[in-house]
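Now for the letters of each chain:
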Amino acid sequence: MYLYKLEAKGKGFSDAHVIVLAEDEEKAFAAADELLQRNALALIEVQEIAIVEKKRAEKANGYVVEVER
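Please clarify how the packing of aromatic side chains should be interpreted in this entry.
Working definition: an aromatic ring pair is given by the centre-to-centre distance plus the angle between the planes. According to the stated counting rule, one finds one aromatic pair in the structure shown. Against the face of Tyr 2 rests Lys 54, its NZ or CZ located 4.3 Å from the ring centre.

As structure tokens, then:
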């Protein structure tokens, strides 16, 4: 299993970083899209999604997500 950090852009939502645990890249993209759709308050359209980082899922592994202000 791997931790994937993905960046998503589209219509109806702000640019987003999505972090998922998945077996492979295909499942990571599917999980990220599902999370975006599930957390949306209205109809959204994901136009672009890309893997930014990939790490093996191990104890103490994770990501720091920067928040723009």
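What is the right way to look at the pairing of strand 1 (residues 2-11) in this model?
Looking down a regular strand, the side chains alternate between one sheet face and the other. Pairing analysis gives seven bridges linking strand 1 to strand 2 (residues 16-22), with the strands arranged antiparallel. In the strand pairing of strand 2, Glu 7 is matched with His 17. In sequence, strand 1 turns back onto strand 2 through a hairpin of four residues, with Gly 12 there showing a positive phi of about 90°.

Mind showing me how you'd approach the pattern of salt bridges here?
In a structure, side chains of opposite charge can pair up when their charged atoms sit close to one another. Under the criterion given, the structure shown has three salt bridges. One salt bridge in this structure joins Glu 53 and Lys 5, with 3.8 Å as the shortest N-O distance. Residue Glu 53 is found in strand 3 (residues 45-56), and its partner Lys 5 is found in strand 1; the two are separated by 48 residues along the sequence. Judged by relative accessible area, which is 9%, Lys 5 ranks as buried. The salt bridge involving Glu 23 is made with Lys 27; its shortest N-O contact spans 2.9 Å. Given the relative accessible area of 43%, Lys 27 is considered partly exposed.

Scoring rules and cut-offs
- Every chain is numbered on its own, with residues counted from 1 as its sequence reads.
- Owing to the predicted nature of the model, reporting of local features is limited to residues with pLDDT of at least 70; listing and counting of side-chain atom pairs is limited to 80 or more, with chain, interface and lining totals taken over all residues.
- Values reported for side chains reflect all heavy atoms of the structure, with hydrogen atoms and water molecules removed beforehand.
- Pairing of aromatic side chains requires ring centres within 6.5 Å, counting the rings of Phe and Tyr and the six-membered ring of Trp. Pairs whose planes differ by under 30 degrees are stacked, by over 60 edge-to-face, and all others tilted.
- The rule for a charge over a ring is simple: NZ of Lys or CZ of Arg within 6 Å of the ring centre, and within 35 degrees of the ring normal.
- Strands pair, by our definition, only if DSSP identifies at least two bridges between them.
- Per the convention used, a helix needs a DSSP run of H or I reaching at least four residues, while a strand needs a run of E reaching at least two, with both numbered from the N terminus.
- What counts as a salt bridge is simple: a side-chain nitrogen of Lys or Arg found within 4 Å of a carboxyl oxygen of Asp or Glu.
- Using a 1.4 Å probe on the protein chains alone, a residue whose accessible area is under 20% of its type maximum counts as buried, one over 50% counts as exposed, and one in between counts as partly exposed.

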